[in-house]
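# Residue-level structure breakdown
Listed below, chain by chain, are the residues.
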Amino acid sequence: SHFHVFSIYQQSAEAKKLNAGGNDEDEIHKDVNIVPLLRFSTQSLAEKTQWIELISQHCAFCDSNEFRDIQAKLQSRNQQRGMPEKGTLPALYFEPPRILTSVPSGYKLDEMSKRHRS
């Protein structure tokens, strides 16, 4: 039995700088410049083909002008609402801990059964 294994990687910021500077391909593609994001494996060739096609379609969409326009609209809408910039989390608020009292099972069971019978 064999597996089809494929991975998705992100080019690091350092590699992007090297690429923009016209550096040697071997220097750009060093292991330190590759950030692994996901790794899939399957025994089914059909499933592998379907995953690769789906991921390729989404990557192509993310590189499109339509996607950039949608992102720009969402970012301007979020700025108008006072939401944080993309890539930042909203402020966290911690409330004081609640004091929970535990009651053992069967606590006052006799009293409750007497009240129920009368």
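These notes cover the structure that comes with them. (Residues numbered from 1 in each chain as written. Predicted model: local features only at pLDDT ≥ 70, side-chain atom pairs only at ≥ 80, totals over all residues. Heavy atoms only, no water.)

## Describing helix α4 (residues 65-80)
For an α-helix, 3.6 residues make a turn, and residues three or four places apart therefore share a direction. Over its 16 residues, α4 extends 23 Å from the first C-alpha to the last, a length consistent with the 22 Å expected when each residue adds 1.5 Å. Looking at the residues trailing α4, positive phi occurs at Gly82, about 80 degrees. (Helix = DSSP H or I, 4+ residues; strand = E, 2+ residues; numbered from the N terminus. Expected span 1.5 Å × (residues − 1).)

## Structural notes on a nonpolar patch on the surface
Taken together, the side chains of Val35, Leu37 and Leu38 present a nonpolar region at the surface, about 250 Å² in accessible area. You can see Leu38 is positioned in strand β2 (residues 34-42). Residue Leu38 is classed as partly exposed on the basis of its relative accessible area, which comes to 45%. (Patch = residues over 30% accessible without salt bridge, like charges linked within 9 Å, V, L, I, M, F, W, Y side chains within 5 Å. Areas by Shrake-Rupley, 256 points an atom, 1.4 Å probe, with all protein chains shown as cover. Salt bridge = Lys/Arg side-chain N within 4 Å of Asp/Glu carboxyl O. Buried < 20%, exposed > 50% of the residue type's maximum accessible area, 1.4 Å probe, protein only.)

## Digging into the packing of aromatic side chains
On inspection of all chains with the given rule, the structure shows three aromatic pairs. With a centroid separation of 5.3 Å and an interplanar angle of 25 degrees, the aromatic rings of Phe6 and Phe40 are classed as stacked. Here Phe40 lies in strand β2 and Phe6 lies in strand β1 (residues 4-11), a separation of 34 residues in the sequence. One aromatic cluster is present, formed by Phe6, Phe40 and Trp51 through successive ring pairs. (Phe/Tyr/Trp six-rings, centres within 6.5 Å; stacked < 30°, edge-to-face > 60°.)

## Let's talk about the side chain of Thr42
By the element assignment, Thr42 lies in strand β2. At 3.2 Å, the side chain of Thr42 forms a polar contact with the backbone nitrogen of Ser44. In terms of polar contacts, Thr42 uses its side chain to reach the side chain of Glu47, at 2.8 Å. Sequence-distant contacts of Thr42, that is, excluding residues within four places in its chain, are made with His2, Phe3, His4, Glu47 and Lys48. (Polar contact = N/O pair within 3.5 Å; in protein donor to acceptor, adjacent residues only side chain to side chain. Contact = heavy atoms within 4.5 Å.)

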